[in-house]
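# Fold and contact review
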Amino acid sequence: MQLSTEVFGDVAVAHAPQEIGEAQVDALKLAFQSVPRASIVLDLEGTEMVDSAGLELLLDLQDALRERGGELKIATSNHVNRKILEITRLDREFEVFDAVIDAVKSFHR
């Protein structure tokens, strides 16, 4: 799986696929390993489905990035994705922003 990314200085923005679920987890793990930055904004704007395996992937990615001195932040204005993060209380684990640019800027405060 190819993960569309953009780099803004020392921050990588990864645009998530339409689905982040059990069927995509292994491919996404490999794709994230090729992202050259320890600070990543995950853009969930175009993501329509995230299941429990996808949420676990996000937590694993956060742990891996923190070990490298980085961080994972999430950008989405999608109400369904925000509700999933709220219900699972993952909005307490990740900083969640409405816009990618706001998430990128937050690394430079």
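Throughout, a residue's number is its position along its own chain's written sequence, starting from 1. Predicted model: local features are reported for residues with pLDDT of at least 70 only, side-chain atom pairs are reported and counted for 80 or more only, and whole-chain, interface and lining totals are derived from all residues. Only hydrogens and water are removed before side-chain values are computed, so all heavy atoms of the structure are retained for them.

## Here's the deal with the overall build of the protein
Helix numbering and strand numbering both begin at the N terminus, where a helix is a DSSP run of H or I of at least 4 residues and a strand a DSSP run of E of at least 2. In terms of helices and strands, the protein carries 4 helices and 7 strands. In the protein, the succession of α and β elements from N to C terminus is β-β-β-α-β-β-α-β-α-β-α. Relative to its length of 109 residues, the protein is compact, with a C-alpha radius of gyration of 12 Å against a globular reference of 13 Å. Working definition: with a 1.4 Å probe on protein chains only, accessible area under 20% of the residue-type maximum means buried, over 50% means exposed, and in between means partly exposed. Out of the 109 residues belonging to the protein, those deemed buried represent 41%. Should any heavy atoms of two residues lie within 4.5 Å, those residues are counted as being in contact. Within the protein, residue pairs in contact and separated by at least 24 positions form 72% of the contacts whose partners lie at least 6 positions apart. Carbon and sulfur atoms form 47% of the exposed surface of the protein, whose accessible area is close to 6,100 Å². His residues and chain termini do not enter the charge count, which takes Lys and Arg as positive and Asp and Glu as negative. The atom standing in for a charge is NZ when the residue is Lys, CZ when it is Arg, CG when it is Asp and CD when it is Glu. Side chains of the protein carry 11 positive and 20 negative charges; the gap between the two charge centres is 7 Å. C-alpha atoms define the radius of gyration, and 2.2 Å times the number of residues to the power 0.38 defines the globule rule. Shrake-Rupley sampling with a 1.4 Å probe provides the accessible areas, and residues are treated as covered by the protein chains on show and by no other component.

## Quick word on a negative patch on the surface
Patch rule: a residue counts if its relative accessible area is over 30% and it has no salt bridge; like charges are joined within 9 Å, and nonpolar side chains (Val, Leu, Ile, Met, Phe, Trp, Tyr) within 5 Å. By definition here, a salt bridge exists when the distance from a side-chain nitrogen of Lys or Arg to a carboxyl oxygen of Asp or Glu is within 4 Å. Taken together, the side chains of E56, D60, D63, E67 and E93 present a region of like negative charge at the surface. Inspection of the secondary structure puts E56 in helix 2 (residues 52–67).

## Examining the sheet that holds strand 7 (residues 95–97)
Ordered in space as 1-2-4-6-7, the 5 strands form an open sheet in which the pairing is mixed. Taken across any chain shown, the strands that pair with only one partner, and hence form the sheet edges, are strand 1 (4–8) and strand 7. Neighbour-to-neighbour, the strand axes of this sheet turn through a mean angle of 25°, independent of strand direction. By the bridge criterion, 5 bridges tie strand 4 (residues 39–43) to strand 6 (residues 71–75) in an arrangement that is parallel. Bridging across to strand 6, D43 finds its partner in A75. Strands are labelled as partners when DSSP assigns at least two bridges between them. Angles shown run from 0 to 180 degrees and are taken between the N-to-C directions of axes, each axis being a line fitted to C-alpha atoms and, for helices, limited to the stretch in contact.

## Observations regarding the confidence of the model for the protein
The predictor attaches a confidence to each residue, called pLDDT, with possible values from 0 through 100. Mean pLDDT over the protein stands at 92; residues scoring 70 or higher make up 98%. Confidence, read as mean pLDDT per element, is least for helix 1 (residues 22–33) in the protein (89) and greatest for strand 7 (97).

## What to know about the pairing of strand 4
It is a general feature of regular strands that their side chains alternate between the two faces of the sheet. Of all 5 residues that make up strand 4, 5 are buried, and the element is covered over most of its length. Residues S39, V41 and D43 line one face of strand 4 and the alternating positions I40 and L42 line the opposite face, and both faces are buried. Bridge analysis of strand 2 (residues 11–15) against strand 4 gives 5 bridges, and the strand direction is parallel. Paired with H15 across the strands is D43, a residue of strand 4.

## So, helix 1
In this scheme, a helix's expected span is set at 1.5 Å multiplied by one less than its residue total. With 12 residues, helix 1 ought to run about 16 Å at 1.5 Å a step, and its terminal C-alpha atoms sit 18 Å apart, in line with that. Taken residue by residue, helix 1 has Q24, V25, L28, A31 and F32 as its buried positions. Looking down the long axis of helix 1, one finds its buried residues gathered within 135° of arc, a one-sided arrangement. In helix 1, those exposed residues whose orientation departs by more than 90 degrees from the buried face are D26, L30 and Q33. It is the directions from the helix axis to the C-beta atoms that the arc portrays.

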